[in-house]
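Coordinates in review
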Amino acid sequence: MAFEFFCSSCGETHHGMPAFGAEAPLDYYLVPPEERPARVRFGADDCVIDGTKFFVLGCIELAVHGEREPFTWGVWVSLGEASYRQWLATYADEKRAHVGPFFGWLSVELKPYADTMNLKTNVHLRDHGARPIIALEPTDHPLAVEQRDGISVQRVAELFSRMVHEA
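Worth saying up front: this structure is predicted, and the values here are computed from it rather than measured. (Residues numbered from 1 in each chain as written. Predicted model: local features only at pLDDT ≥ 70, side-chain atom pairs only at ≥ 80, totals over all residues. Heavy atoms only, no water.)

Examining the nonpolar core
We apply this condition: Only buried Ala, Val, Leu, Ile, Met, Phe, Trp, Tyr and Cys residues count toward a nonpolar core, and they belong to the same one when joined by side-chain atoms within 4.5 Å. For each residue, the accessible area found with a 1.4 Å probe, counting protein chains only, is set against the maximum for its type, and the residue is called buried under 20%, exposed over 50%, and partly exposed in between. In this analysis, two residues are considered to be in contact whenever any of their non-hydrogen atoms come within 4.5 Å of each other.
Judged by nonpolar contacts, the single largest core of 45 residues is most densely connected at Ile60, Phe71, Trp73, Val75, Leu106 and Leu143. The residues touching Ile60, leaving out its near neighbours within four places in the chain, are Phe71, Thr72, Trp73, Val75, Leu106, Ile134, Leu136, Leu143 and Gln147.

Points about unusual backbone geometry
Rules: Secondary structure elements follow DSSP: runs of H or I of four or more residues count as helices, runs of E of two or more count as strands, with numbering from the N terminus.
The omega torsion of the bond from Gly100 to Pro101 falls at 10 degrees, within 30 degrees of zero and hence cis. Note on placement: Pro101 falls in the loop between helix H2 (81–90) and strand E8 (102–106). Phi at Asp115 is positive, roughly 55 degrees, even though this residue is not glycine. Its place among the elements puts Asp115 in the loop between E8 and strand E9 (120–124). The class of Asp115 is exposed, set by a relative accessible area of 59%.

Things to note about the pattern of salt bridges
Heads up, the rule is: Salt-bridge detection follows one rule: a side-chain nitrogen of Lys or Arg within 4 Å of a carboxyl oxygen of Asp or Glu.
In the structure shown here, the tally under the stated rule is nine salt bridges. The salt bridge partner of Glu146 is Arg155, with a shortest N-O separation of 2.6 Å. Classification of Glu146 as buried rests on a relative accessible area of 12%. Taking relative accessible area as the criterion, Arg155 reaches 14% and is therefore assigned buried. One salt bridge connects Arg155 with Glu158, and the closest N-O pair in it is separated by 2.5 Å. One end of the pair, Arg155, and the other, Glu158, are both in helix H4 (residues 153–165), three residues apart, so they sit about a helical turn from each other. Owing to a relative accessible area of 38%, Glu158 belongs among the partly exposed residues under this scheme. The network of salt bridges with shared partners includes Glu35, Arg39 and Asp50.

Structure below.
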């Protein structure tokens, strides 16, 4: 049976595990729109600003109790230049999970959580073109706790409501 949950905000039952993500790292929005074509190289899975700031796109997966599929946040992580170059060198490799992990800083603000910018992370590459898994430093930050302990179906519904129905 497919995953489903009831949303108390809209009164509907939704089908399928939701996932949400950031369109760009926060530093991207600090570059004036008219300067972005000259200063930003934006790819499907990476972003380089001014040739000195390097970001990759990955997934924070939260296990959902009793379900096979995780709830996923698509997030941007800043990497040092050497780590980024190593990530780039293995980007197209079918087998790359043995490379890394790479230390990075979370570069997004996720609406349901306070202060997610600059949380410490490790970027774990995956094989077969899958986006990397982003493992947060095991702290008491609510997002790190949820990554470590998993979440309930009710929490999935709450996250969905916050992301879809709140301005």
